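Tertiary structure, described
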Protein chains: 2
Amino acid sequence: MKKFDFEEERVKQEIAKLGAKRVLIQLPEGLKPEATRLANIVEKAGALPIVSADPCYGACDLATAAAQSLNADLIIHYGHAKLLKHEPVPTVYVEARATVNVDAAVEKALPLLEKWRKIGLATTVQHVQTLDEVREFLLRAGKTVIIGDAGRMNYPGQVIGCDYSNAKSIAKEIEAFLFIGGGKFHALGVALSTSKPTIIADPYEKRAYSINEEARKVLKQRWASIEEAKKAKIFAVLVGLKIGQKRLETALTIKEKLEKTGKKAYIFAIREITPEILMEFPKVDAYVNTACPRVSLDDASKFQKPVLTINEARVLVGEISWEELCRKGLFES
Amino acid sequence: MKKFDFEEERVKQEIAKLGAKRVLIQLPEGLKPEATRLANIVEKAGALPIVSADPCYGACDLATAAAQSLNADLIIHYGHAKLLKHEPVPTVYVEARATVNVDAAVEKALPLLEKWRKIGLATTVQHVQTLDEVREFLLRAGKTVIIGDAGRMNYPGQVIGCDYSNAKSIAKEIEAFLFIGGGKFHALGVALSTSKPTIIADPYEKRAYSINEEARKVLKQRWASIEEAKKAKIFAVLVGLKIGQKRLETALTIKEKLEKTGKKAYIFAIREITPEILMEFPKVDAYVNTACPRVSLDDASKFQKPVLTINEARVLVGEISWEELCRKGLFES
């Protein structure tokens, strides 16, 4: 298990402060193995712990409906920073900062950044506390370093699966991004949003590598999906049922625009967008996904039909060009 | 596509009567291919149709939360009879009665019923309208026929995935059951609930066969699951988040009883119980499922850990014996 700060003392204090008697524990998939241990902490603090077993990929999916349905008086949401402006159920966010040292990975990234002098930094909430030290390191190596803060995220330099505003806000000033974190998911988002060379420094694997070839493949695939969707006659516009993913008005607008171009479009409400669920609708030729855009991008090969994002649907109906979308970045909102 | 009565005229009338402007359409998996056609009917009636794409296996899973979240003023629920006593959102049930003729299948069942004279009838809501004619046929063949009505279902002889009270209410008076319907799912439930010889007359495949060998296999597997769970140290008691499957108080009682026998037990809230979701919790040795008992019984081979039903947990803690549970029927509540 990777090591993270679960802020056990603060959790106990928050439970005591609120006098919470029934606490819903929500964890992303990577932290779910910790569920029983974290439940023990809640129990010792005098509350009944209920673990939300449902999939959770972001703070957009805060389990408020489950909490209300179970009369929980507190949600402890692990692994993501606060995203919703207002929570209908009292919520404590435990960001699960990683305790792993990033030095070795950043050192290995240095040769890959050789060609560029102006470097932008980006990371997930797990590693935001390392950005200052990474900046110092790069400065000593003769780089200019910029950390973006567009004001939408909780921390400068922080990105989440669908929001790269911090990276985009500095894209014009830098030559390449250094992303600190494990896996390709968020770094891919940086590359797709900014079209900048993006190097991953992965502190878990203690290695560094470029994500740009992957980003090129994704772009190629997205273009092909839009082209395929152009031939589609019947569309379903997906409305997410997760609290931070519900965009019914946007979906209705897209339906209208599709129908103006001669397509037939239906509104589908959905919680988890999976290939299995969409396969139940053989008469639908293509989907527009107004919920989580990463489902469209990252799982594309698993879906039998095109599943466009909101922005890709705007390309489809001729509102913007593909080139313009690429220039603005796939996650522009 | 099998043929069903979608009651299109009544749907239009109900929409007009309620003045519904936004209608959530909910369908079980088998009817989902009809979604776009049924949406067209709603649209022609002057309302915005929204199709619930989420999995739906019963009227216990009425999409009231989705409807409320999307401000739908009517749910049209297809394929199941009313189950909840009260719906928080106005709901029209379209039972999707099958139009298929059952004569050929029932004729083929006759030789399989040769040994028995007193026959009980059971079926799903799709075929309840055929029971009178099936009874007439069996009477002419010299049988005594009984159709049970325990008062819990909407129609005499009707069974649903988790409620066989109509079959059980006559089990002592009959020698064998004839089940009218497609697939093994409901007939298996009849056999498991009554321990009676159960013959399926499948009108879609126009064939008849016994389900008792399958039932014996399921019982053997369930016994093995209970035995395996006896060795487990850490349990998670699953509470379903679907409106008709939520049994938090029962789950809390089971947790308490498990802990009295020296086990450690946690409460997990869950929407869809799948092997993938449970695999995220390697520290849990066994589950008790207070949501849909059929997930435990029918998907047992897919789960890596025992997933006991409420009744099986009662065997585990020594409240009743396995033999007693088999005698009472697996779905006794």
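Residues numbered from 1 in each chain as written. Chains lettered and ligands numbered in written order. Predicted model: local features only at pLDDT ≥ 70, side-chain atom pairs only at ≥ 80, totals over all residues. Heavy atoms only, no water.

Some words on the relation of the copies chain B and chain A
Which entries qualify depends on this criterion: Copies are brought into register by a least-squares superposition over C-alpha atoms of residues with pLDDT of at least 70 in both. By definition in these notes, contact holds between two residues if any of their heavy atoms fall within 4.5 Å.
Here chain B sits on chain A after a turn of 180 degrees about the axis and a move of 0.0 Å along it, with an RMSD of 0.0 Å. Look at the turn and shift together and you get a two-fold axis relating the two. Closest approach to the rotation axis within chain B is made by the C-alpha atom of Ala65 of chain B, at a distance of 4.1 Å. By residue overlap, the copies meet face to face through one surface: 100% of the interface positions of chain B are interface positions in chain A.

Notes on empty space enclosed by the protein
This is how the line gets drawn: The method works on a 1 Å grid over the protein atoms by themselves. A cavity is a set of points holding a 1.4 Å probe that cannot get out, a pocket is an open set with protein on both sides within 12 Å along at least five of seven lines, and residues with an atom within 4 Å of a point line them. Grid points are joined across faces, edges and corners, and a volume is the space filled by probe spheres set on the points. Side-chain classes are defined by residue name, with Ala, Val, Leu, Ile, Met, Phe, Trp, Tyr, Cys and Pro counting as nonpolar, Asp, Glu, Lys and Arg as charged, and the others, Gly among them, as polar.
The final tally for this structure, using the stated rule, is 1 cavity of 30 Å³ or more. Roughly 30 Å³ of volume is contained in the largest cavity. Lining the largest cavity we find Phe268, Phe281, Pro282, Lys283 and Val284 of chain A together with Lys32, Pro33, Ala35 and Thr36 of chain B. Residues belonging to the lining of the largest cavity are distributed by class as follows: 6 nonpolar, 1 polar and 2 charged.

A few points about the interface of chain B and chain A
Stated precisely, the cut-off is as follows: Two parts placed together each lose some accessible area; with a 1.4 Å probe, that loss summed over both constitutes the buried area. Put simply, a salt bridge is a Lys or Arg side-chain nitrogen that is within 4 Å of an Asp or Glu carboxyl oxygen. Here a polar contact is recorded for every N or O atom pair within 3.5 Å, except that within protein the pair must consist of a potential hydrogen donor and a potential acceptor, and residues adjacent in sequence are included only if both atoms are side-chain atoms. Here a helix means four or more residues in a row that DSSP labels H or I, a strand means two or more in a row labelled E, and each is numbered from the N terminus. Pairing between two strands is assigned when DSSP locates at least 2 bridges connecting them.
With 42 residues of chain B at the contact, the number on the chain A side is 43 residues. A buried area of about 3,700 Å², summed over both sides, lies between chain B and chain A, and 62% of it is on carbon and sulfur atoms. Put simply, chain B and chain A have 4 salt bridges between them. Glu43 of chain B is paired through a salt bridge with Lys255 of chain A; the nearest N and O atoms lie 3.2 Å apart. One can count 18 residue pairs in polar contact (both at pLDDT 80 or more) joining chain B with chain A. With 6 residues, strand β13 (residues 264–270) of chain B is the largest single contributor of residues to the side of chain B that touches chain A. Here the residues of the side of chain B that touches chain A sort into 24 nonpolar, 4 polar and 14 charged. As paired strands, strand β3 (residues 48–52) of chain A and β13 of chain B are joined by 3 bridges and run parallel to one another. Bridge pairing links Ile50 of chain A to Ile267 of chain B in β13 of chain B.

Re the environment of Thr198 of chain A
Residue and element names in this part refer to chain A. This is how it is decided: Under the scheme applied here, a residue whose accessible area is under 20% of the maximum for its type counts as buried, over 50% as exposed, and between as partly exposed, the area being computed with a 1.4 Å probe on protein chains only.
Position of Thr198 relative to the elements: it lies in strand β10 (residues 198–202). For Thr198, a relative accessible area of 0% corresponds to the buried category. Remark: the alpha-carbon pair of Thr198 and Leu297, spanning 99 residues in sequence, is separated by 18 Å. Once you skip the residues sitting within four places of it in the chain, Thr198 turns out to touch Phe177, Phe179, Ala187, Val190, Ala191, Tyr209, Ser210, Ile211 and Asn212.

A closer look at the pattern of salt bridges
Charged atoms that come close allow side chains of opposite charge to pair. Under the definition given, this model contains 54 salt bridges over all chains. Between Arg294 of chain A and Asp298 of chain A there is a salt bridge, with its nearest N and O atoms 2.7 Å apart. Placement of the pair is Arg294 of chain A and Asp298 of chain A together in helix α11 (residues 293–298), with a separation of 4 residues, close to one helical turn. Judged by its relative accessible area of 4%, Arg294 of chain A is buried. Ionic pairing is found between Lys12 of chain B and Glu9 of chain B, a salt bridge with its closest N-O pair at 3.4 Å. With Lys12 of chain B and Glu9 of chain B both in helix α1 (residues 8–18) and 3 residues apart, the pair spans about one turn of that helix. Taken together, the shared-partner salt bridges in this structure form one network comprising Glu7, Arg10, Glu14 and Lys17 of chain A.

A closer look at helix α8 (residues 212–230) of chain B
Residue and element names in this part refer to chain B. Rules: In this analysis, the expected span of each helix is defined as 1.5 Å times one less than the number of residues it contains. This arc describes the spread of directions from the helix axis toward the C-beta atoms.
Taking 1.5 Å of rise per residue, the 19 residues of α8 would be expected to cover 27 Å, and the 27 Å separating its terminal C-alpha atoms lies within 8% of that figure. Among the residues making up α8, those that are buried are Asn212, Ala215, Val218, Arg222, Ser225, Ile226 and Ala229. Seen end-on, α8 carries its buried residues on one side only, within an arc spanning 130 degrees. Set apart from the buried face of α8 by more than 90 degrees, the exposed residues are Arg216, Lys217 and Lys220.

Quick word on the environment of Asp149 of chain B
Residue and element names in this part refer to chain B. Relative to the helices and strands, Asp149 resides in the loop between β8 (144–147) and α6 (165–168). Judged by relative accessible area, which is 49%, Asp149 ranks as partly exposed. Along the primary structure Asp149 and Ile200 are separated by 51 residues, whereas in three dimensions their C-alpha atoms are 20 Å apart. Non-local contacts of Asp149, meaning those with residues more than four positions away in its chain, are made with Pro156, Asn166 and Ser169. Looking at Asp149, its side chain comes within polar contact range of the main-chain nitrogen of Gly151, at 3.1 Å.

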